[in-house]
Amino acid sequence: QVQLVESGGGLVQAGGSLRLSCAASGRTFSSYAMAWFRQAPGKEREFVAAITWSGGNTYYADSVKGRFTISRDSAKNTVYLQMNSLKPEDTAVYYCAAKTVQNPWDYGLTDGWYEYWGQGTQVTNSS
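As a starting point, this report considers the structure included with it.

### Side note on the state of the cysteines
In protein structure, a disulfide is the covalent linkage between the sulfur atoms of two cysteines.
Stage number 1. Counted under the stated rule, the structure contains one disulfide.
Stage number 2. Paired by a disulfide, Cys 22 and Cys 96 hold their sulfur atoms 2.1 Å apart. Disulfide Cys 22 to Cys 96: torsion about the S-S bond roughly -80°, handedness left-handed. Highlighted residues: Cys 22 in strand 3 (residues 18-26) and Cys 96 in strand 9 (residues 92-100), separated in sequence by 74 residues.

### A few points about the pattern of salt bridges
Stage number 1. What the rule picks out here adds up to five salt bridges.
Stage number 2. Note that Arg 67 and Asp 90 form a salt bridge whose closest N and O atoms lie 2.8 Å from each other. Pair noted here: Arg 67 is in the loop between strand 6 (58-60) and strand 7 (68-73) and Asp 90 is in the loop between strand 8 (78-83) and strand 9, with a separation of 23 residues, a long-range link. Of the two residues examined, Arg 67 and Asp 90, each falls in the buried class.
Stage number 3. What emerges from the salt-bridge pattern is a single network uniting Arg 38, Glu 46, Arg 67 and Asp 90.

### A closer look at the pairing of strand 8
Here is the key point about a regular strand: its side chains alternate between the two faces of the sheet.
Stage number 1. In terms of burial, strand 8 is largely enclosed, as five of its six residues are buried.
Stage number 2. When strand 3 meets strand 8, the two strands line up antiparallel, connected through six bridges. Pairing of Arg 19 across the sheet is with Gln 82, part of strand 8.
Stage number 3. Bridging between strand 7 and strand 8 involves six bridges; their strand directions are antiparallel. Considered in strand 8, the bridge of Arg 72 is made with Val 79.
Stage number 4. In this structure, the hairpin formed by strand 7 and strand 8 is closed by a connection of four residues, where Asn 77 is found at a positive phi of approximately 50°.

What counts and how
Residues numbered from 1 in each chain as written. Predicted model: local features only at pLDDT ≥ 70, side-chain atom pairs only at ≥ 80, totals over all residues. Heavy atoms only, no water. Disulfide = S-S within 2.5 Å. Helix = DSSP H or I, 4+ residues; strand = E, 2+ residues; numbered from the N terminus. Salt bridge = Lys/Arg side-chain N within 4 Å of Asp/Glu carboxyl O. Buried < 20%, exposed > 50% of the residue type's maximum accessible area, 1.4 Å probe, protein only. Pairing = 2+ DSSP bridges.

That is the geometry; function is a separate question.
Next up, the structure:
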């Protein structure tokens, strides 16, 4: 089992930046592929970004490519989402997700692939 706790959400004006953190506890953090998803009011949860166990590969939704950066610090058991140039359509609850993997290059782009989820953190971007 692994527990995920997100932090760093808040209210920010259009064009602003936020950095979300996801602290993991439990089993060895380095054997997990990690990702961020988000869910806006009235919409389904959608993929935002993913990072492999090794941290060497990252993947992004087209809507955030070039603005968001996912990274991980295995020494701190933490994954980050740096969000720049925020837009009103980025407003959502952001969730951290993890999955135990055997291969360091494994990753997933759908929420059904992941095993563990955090409680979410609200990001609100005002125009």
